[in-house]
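Residue-level structure breakdown
Next come the chains, spelled out residue by residue.
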Amino acid sequence: MVVHITADNWAETREYLRRRSARFTALAVRAAATRRRATADWSVTDTAAHVATLARACSGLVDPGHAPSPFTGFGDLLERTVVDTVDEFNEVLLERLPGRAPHELADATRHDVDHILRVTEGADPTAPVSWLGGSRVPLAGVLAHLLNEFQVHGRDIANAARLPWRVPPREAAPFFEQFLVGVTDYGYGRLLDGHGPPPRGRVAVEFRSEHTTPVTMALTDGFATVERPDGEPDVRLSFDPTVLNLMLFGRVSKARAVLTGKVVIRGPRPWKLPGFLRIVRLPS
């Protein structure tokens, strides 16, 4: 395995999740009366409800023997969902949510995060967990993904309410290092299906930041793998983890990320990057 998970970065991810989830729930309650939309489709309360459903889902995934699934048939929904149908997955979860009272959402979210942290204390962070589309992720990646949801949607809510929300790059790093690299390394199943014809041949992109271990993601005739850097990539991408995450989820444009110097693209064949990102993609 190439994914870099250690006792230290696992402990950091857990602490980041504990702190960021508390900040998110406090922000969501404070901003609940805001009339401006947090996203194109969701109000502040809708956004808080969405994150609450994800916390409940993750609680069931990390503790399948004890924590209840969000609803009957959740496993089937998880299995058939791919990147391009995540919107449907989110809407189904929201439809099953019984209420939208801000304080109730906050209490439910706090309860589920507490449960996640409690049952994973002392657990093996590299243990595989079933994920969308028949993929698997390391346990640390599940927590890193939920952490990113609090970070990104907290920004959505804060922008709507005109309140501050800062995510340091070190706190944003687990999403790339533990989830994105993790799901590629552990097996992404059908998660990336539906992309159309992939680039022919091999495209290798080396990712580097001050807060993650260098890694190369390679796409060979449409099949993605992760490798240790060998010094001969097509593209070298240096990044600020906070901005990269926002760019991957459509909150910051690629042009802005590059113009601000938070994402730097170099290498002998940078024109291959768009084709790579068309396949190795996230919901935006």
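Conventions and cut-offs
Residues numbered from 1 in each chain as written. Predicted model: local features only at pLDDT ≥ 70, side-chain atom pairs only at ≥ 80, totals over all residues. Heavy atoms only, no water. 1 Å grid on protein atoms, 1.4 Å probe; cavity = no way out; pocket = protein on both sides within 12 Å on 5 of 7 lines; lining within 4 Å. Points joined across faces, edges and corners; volume = space filled by probe spheres on them. Helix = DSSP H or I, 4+ residues; strand = E, 2+ residues; numbered from the N terminus. Contact = heavy atoms within 4.5 Å. Pairing = 2+ DSSP bridges. Axes fitted to C-alpha atoms, helices over the stretch in contact; angles between N-to-C directions.

1. Considering empty space enclosed by the protein
- Under the criterion given, the structure shown has two cavities of 30 Å³ or more.
- Counted as a void, the largest cavity has a volume near 100 Å³.
- Residue lining of the largest cavity: 13 residues in total, with Leu180, Phe207, Leu248, Leu277 and Val280 positioned closest to the centre.
- Taken together, the elements giving at least two residues each to the lining of the largest cavity come down to helix H7 (169-186), helix H8 (241-248) and helix H10 (273-279).
- The element contributing the most residues to the lining of the largest cavity is H8, with three residues.
- Within this model, the second largest cavity holds a volume of roughly 40 Å³.
- Lining the second largest cavity, in full, are Phe24, Thr25, Ala28, Ala48, Pro102, Leu105, Ala106 and Thr109.
- Every element with two or more residues in the lining of the second largest cavity is listed here: helix H1 (7-30) and helix H5 (102-120).
- When residues in the lining of the second largest cavity are grouped by element, the largest group, four residues, is from H5.

2. Some words on the side chain of Thr13
- In this structure, Thr13 sits in helix H1.
- Ignoring any residue separated from it by four or fewer positions in sequence, one finds Thr13 in contact with Ala140, Leu143, Ala144, Pro174 and Gln178.

3. Observations concerning the sheet that holds strand E4 (residues 212-220)
- Taken together, five strands build an open sheet; the order of strands is E5-E4-E3-E6-E7 and the sheet is mixed. Both outer strands of the open sheet, strand E5 (223-227) and strand E7 (263-266), are each paired with one neighbouring strand and no more. Taking the axes of each pair of neighbouring strands and ignoring which way they run, one obtains an average angle of 20° across the sheet.
- Pairing between strand E6 (residues 235-239) and E7: four bridges, direction antiparallel. Paired with Leu237 across the two strands is Ile265, which belongs to E7.
- Across the sheet, H7 is in contact with strand E3 (202-209), E4, E5 and E6; its angle to E4 comes to roughly 35°.

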